[in-house]
Amino acid sequence: MGEVSARLEDLPLRADLRGQKPYGAPQAPLPVALNVNENTHPVPPDVADDILDSIARALSDVNRYPDREFTALREGFADYLGHGLTRDEIWAANGSNEVLQHILQAFAGPGRTAFGFAPTYSMYPLLTRGTGAEWISGTRAADYGIAADDAAAQVSDASPDVVFLCSPNNPTGTPLGLDVVEAVYEATDGVVIVDEAYFEFAPHDERSALTLLPGRERLVVSRTMSKAFAFAGARVGYMAADPALIDALRLVRLPYHLSALTQAAATAALRHAPTMLSMVDEIVAQRDRISATVEALGYTPHESWTNFVLFGGVADPAATWRALYDEGVLIRDVGIPAHLRVTAGTAEETTAFLDALASVGSAA
């Protein structure tokens, strides 16, 4: 029509959103994409067939609204998580980000605050501000760890309404002790979220924060199907908490927020949990291979209990990122000085990354 489009600053945007930037990891059609911590292994064919059959059955009733309480899916998650959990203690949404958004809508919002230990998952402050709450950043030790007494002191001083504990942490991969969770919980009257998006990649003998749920009605343990379950494209996240806290989320969720097709696909995938998780050990092996090799190249890998490795000692992260990009390998510059992060993919993808990094040159 020849008219000039309006600019964002011309619109009556909320004042607290002006100047903010949206989440956005680079997307590029490169042969090796290891930048967003996906599980790069495809869903096994027999599992995919069952998922397709389940979706096909759901399509026969797609003219009707789905089960608003996604009962079968909640039962599936309760069975998968174990620890005596029931469906009344389970919630799910379109990715763990929507789960976290529901919690913030219910317990944060205008005039309230949310707290996390930086550096951590970049969506926490974005989700917080999106609900009108204020984000408060705590600090970590030089190795990105958090001591229980220090964590409790920081939380007590900040007196937030919601606390985020990423366990293990993204983007650093750092483990988080359950003593930290316990100390933080005692230091606040607010909701404490333990985000275990990467928990399946931790050592097999490690205890989940799920073991701390009994008697702690303000504690939430969040998980996702995007990582270990190789289900990122399906967008399914879930959480466990006291039934009263689950009930609070019904006040803010959109009607029928999980489609019948999503429910069918996720429920089918859960039926094959052992098969879906069989690739975790291979991913962990590639993660450890990355750590050992980047160290041999002169970089400094940080301890990781996730499916990625953050490594330091990068003289010029932007230049190294670009050089790898030009080699057809996409990794992530997470904004930590002298650091880059890479996802542990298949053996072939790992080899491609390590070869490309070696060709770029060793650390300065």
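Residues numbered from 1 in each chain as written. Predicted model: local features only at pLDDT ≥ 70, side-chain atom pairs only at ≥ 80, totals over all residues. Heavy atoms only, no water.

- As recorded in an unreviewed UniProt entry, the protein chain goes by the name Histidinol-phosphate aminotransferase, listed as coming from Microbacterium psychrotolerans.
- Looking at the protein chain in UniProt, the text filed under Subunit (unreviewed entry) is "Homodimer." (UniProt positions renumbered as here; feature names shortened; annotations may be inferred.)

## Focus on the layout of surface pockets
Okay, step 1: Reported here for the largest pocket is a volume of approximately 1,000 Å³.
Okay, step 2: Taken together, 44 residues line the largest pocket, and the ones lying closest to its centre are Tyr-23, Ala-25, Val-36, Tyr-121 and Arg-332.
Okay, step 3: Put simply, the parts of the chain that give the lining of the largest pocket at least two residues each are α3 (96–107) and α4 (123–130).
Okay, step 4: For the lining of the largest pocket, the leading source of residues is α4, giving 5 residues. (1 Å grid on protein atoms, 1.4 Å probe; cavity = no way out; pocket = protein on both sides within 12 Å on 5 of 7 lines; lining within 4 Å. Points joined across faces, edges and corners; volume = space filled by probe spheres on them. Helix = DSSP H or I, 4+ residues; strand = E, 2+ residues; numbered from the N terminus.)

## A closer look at the UniProt feature "domain: Aminotransferase class I/classII large" (unreviewed entry) in the protein chain
Okay, step 1: As recorded in UniProt, the feature "domain: Aminotransferase class I/classII large" (unreviewed entry) lies at residues 32–357.
Okay, step 2: Within the segment residues 32–357, helix and strand shares are 40% and 16% respectively, and the terminal C-alpha atoms sit 13 Å apart.

## Looking at the pairing of strand β12 (residues 340–343)
Okay, step 1: The alternating pattern of β12 places Leu-340 and Val-342 and Arg-341 and Thr-343 on opposite faces, both of which are buried.
Okay, step 2: Where strand β10 (residues 308–312) lies against β12, 4 bridges are found, and the strand directions are antiparallel. Residue pairing across strands places Leu-310 opposite Arg-341, the latter belonging to β12. (Buried < 20%, exposed > 50% of the residue type's maximum accessible area, 1.4 Å probe, protein only. Pairing = 2+ DSSP bridges.)

## Regarding the sheet that holds strand β9 (residues 300–301)
Okay, step 1: The strand order across the open sheet built from 3 strands is β9-β10-β12, with neighbouring strands paired in antiparallel fashion. Either end of the sheet is taken by a strand with one partner, and the two such strands are β9 and β12.
Okay, step 2: On the sheet, helix α10 (residues 280–296) packs against β9, β10 and β12 and is oriented at approximately 15° with respect to β10. (Contact = heavy atoms within 4.5 Å. Axes fitted to C-alpha atoms, helices over the stretch in contact; angles between N-to-C directions.)

## Focus: the pairing of strand β3 (residues 113–118)
Okay, step 1: Counting buried residues in β3 gives 5 out of 6 residues, a clear majority hidden from the surface.
Okay, step 2: Summarising the sheet, β3 and strand β4 (residues 134–139) pair through 6 bridges and their orientation is parallel. Across the sheet, the residue bridging to Thr-113 is Glu-134, located in β4.
Okay, step 3: On the question of chirality, the crossover connecting β3 to the parallel β4 by way of α4 is right-handed.
Okay, step 4: Where β3 and strand β5 (residues 162–166) come together, 3 bridges link them in parallel fashion. Looking across to β5, one finds that Gly-116 is bridged to Phe-164. (Right-handed = clockwise from strand over helix to strand, strands pointing away.)

## Quick word on α10
A turn of α-helix holds 3.6 residues, and therefore any two residues three or four places apart point the same way.
Okay, step 1: Relative to the 24 Å expected for 17 residues at 1.5 Å per residue, α10 spans 24 Å between its end C-alpha atoms, a close match to the ideal helical length.
Okay, step 2: Backbone geometry just after α10 places Gly-298 at a positive phi near 105°. (Expected span 1.5 Å × (residues − 1).)

## Some thoughts on the sheet that holds strand β6 (residues 191–195)
Okay, step 1: The strand order β2-β8-β7-β6-β5-β3-β4 describes an open sheet built from 7 strands, whose pairing is mixed. Of all strands in the sheet, those with a lone pairing partner are β2 (90–93) and β4, marking the two edges. Each strand of the sheet is rotated relative to its neighbour by a mean of 25°, with strand direction disregarded.
Okay, step 2: Sheet topology note: the β2/strand β8 (residues 237–241) ladder contains 4 bridges and is antiparallel. Paired with Ile-90 across the two strands is Ala-240, which belongs to β8.
Okay, step 3: Helix-sheet contacts for α4 involve β3, β4, β5 and β6, and the interaxial angle to β4 is about 155°.
Okay, step 4: Packed onto the sheet, helix α5 (residues 148–158) meets β3, β4 and β5 and runs at close to 150° relative to β3.

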